Amino acid sequence: MGSIFLLSLFQGCSRKPRSSALVADDALSEVALYLDDDILPVVFSYLPAKAFFRLQLVSKLFHQLSTDPRFLLEQACHNKSASGFFYRDGCGPYGFLLIDPYAGIPASFPDYFSYSDEVLASAGGLVFYQRKRYWDDEHGSLCVCNPARRTWRTLPSPPSQKFGKETRVSVAVKFVYDGDDMAEDYKLICLTEATDCLLFQHCGVYDSAANAWTTDEEIDFGPRELEYDHPVVCGETVYWASDCISYVRIPDPYVVAFDTTTKRTEIIPVPKGAVIDSDEDTIKVGMWDERLPCLIHYSVNAATFTLWMLRRKNEGSPQWVKSHEISSIPHVRSFVLSHGSTGMLLVYSDGYNAYSYSFKDGESQQIGSSYRFFSKFIPYANTLRPCGKQEVFLEDLRRPLRPSLLPWVF
């Protein structure tokens, strides 16, 4: 009830900016009258970051909470749903598709990424990206930022992996939870293509608690090229899908599971019912309702999406269970499965138009259009999660910011 009330307050503040301070002060006083001081932070932790920063301007309590590490993690724990999607406009600049009106990022934040940067993943409100250098083909850096907090930091470079302009990089994010189900630290599982053997991927694991790379070795991930976008993490296992191109003497398409504890991989063939009859078919992995890994197969000839859930019985062989079949538009170019505030969503594009399919309603709606090309979608959750102990505010960077980055306006 508290979160619904505060979201209504935020909506009122947005519509009446001149009287927002008075409205917010009266409403917050009324909330404080009926709730204990130790309950208020719990209620406020359900607000998305955008709503929190709006109310921070009119209440000292919000300002105090913005520097409380425990509160920041609680807010991130309560705001896991995607509020929007970063997308690449072809080879041009990044943009942002907003699907939750109460959440969002500073309007000009996508301009922070240069044309050579590559957004790799987003999890828990953090965005991980590859910062490339125009003048250096071999060396780059791996960075993390929080668009809502406007904070940023560069991660240490792995001993052997390089992040140059031509390097393909895949990043999976695994949060490390404490006894109270709070996740302050995380691990990054980072893949790049090995230089000496096509069967192997160079795998690095970064531990934010130690601020160091704990794994740096080449591992067999199978003979096929992997779909680097959108790996999913379930427990201690990370999943990637392979390509669907027809090869001679190479196994059919598969999903590869990497156990971060044992450093072993497992090849899981696609379900027999997933008929891949075109090199233009696409398979990707996703996470259903934050619980089950799943496979999404797009058939070009049938113009349909099919979802298969991955289940294991008594630690036995993995089994695929068909769950959904969705008629789609022809010639889908990119898609991603995500959890939104209203339930599970499948976001996809034919290149120039973006659509969202709701599994709850069984309906699709157009959510965006581009005069160039939607090449991929990166789900983003609107949280206050810190980037780490060495984070800095973007306004404090010594390098000049583009004028469009300031002022920060939601």
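Residues numbered from 1 in each chain as written. Predicted model: local features only at pLDDT ≥ 70, side-chain atom pairs only at ≥ 80, totals over all residues. Heavy atoms only, no water.

Trainee: Talk me through the pairing of strand β20 (residues 343–349); I want residue IDs and the actual numbers.
Mentor: Buried residues dominate β20, accounting for seven of its seven residues. Bridge count for strand β19 (residues 334–340) against β20 is seven bridges, and the pairing is antiparallel. Across the sheet, H339 pairs through a bridge with M344, a residue of β20. Connecting β19 to the next strand, β20, in antiparallel fashion are two residues. The pairing of β20 with strand β21 (residues 353–358) spans five bridges and is antiparallel. (Buried < 20%, exposed > 50% of the residue type's maximum accessible area, 1.4 Å probe, protein only. Helix = DSSP H or I, 4+ residues; strand = E, 2+ residues; numbered from the N terminus. Pairing = 2+ DSSP bridges.)

Trainee: So what about the sheet that holds strand β2 (residues 94–98)? Which residues, and what values?
Mentor: With antiparallel pairing, the three strands of this open sheet are ordered in space as β2-β1-β23. Two strands lie at the open edges of the sheet, namely β2 and β23 (374–380), each paired on one side alone. Recorded for the sheet is a direction-independent mean angle of 30 degrees between the axes of neighbouring strands. For strand β1 (residues 84–89) and β23, the ladder comprises five bridges, and the chain directions are antiparallel. Within the sheet, the bridge partner assigned to F85 lies in β23 and is P379. (Axes fitted to C-alpha atoms, helices over the stretch in contact; angles between N-to-C directions.)

Trainee: How would you summarise the nonpolar core if you had to cite specific residues and measurements?
Mentor: Ranked by size, the top nonpolar core spans 30 residues in total, and within it F86, F113 and Y129 carry the most contacts. Those elements that place two or more of their residues in this core are α3 (40–44), α4 (49–56), α5 (60–65), α6 (69–78), β2, β4 (126–133), β5 (136–146) and β23. Broken down by element, this core gets its largest block of residues, five residues, from α4. Setting aside anything within four residues of it in sequence, one finds Y129 in contact with Y112, F113, D117, E118, V119, L120, S141, L142, C143, V144, C145 and W152. With 20 residues, the next largest nonpolar core counts A303, L307, M344 and Y348 among its residues. (Core = buried A, V, L, I, M, F, W, Y, C linked by side-chain atoms within 4.5 Å. Contact = heavy atoms within 4.5 Å.)

Trainee: Describe in detail the state of the cysteines, supporting the description with residues and values.
Mentor: Across all of its chains, the model carries zero disulfides by this definition. Lacking any disulfide linkage, C387 is separated from the closest cysteine sulfur, that of C145, by 6.3 Å. Since its relative accessible area comes to 1%, C387 is described here as buried. (Disulfide = S-S within 2.5 Å.)

Trainee: Let's hear about the pairing of strand β17 (residues 304–312): which residues, and what values?
Mentor: Summarising burial for β17: seven of the nine residues are buried, a large majority. Taken together, the six bridges between strand β16 (residues 292–299) and β17 define a ladder with antiparallel strand orientation. Paired with C294 across the bridge in β17 is M309. Between the end of β16 and the start of β17, which pair antiparallel, lie four residues, with A303 showing a positive phi angle near 55 degrees.

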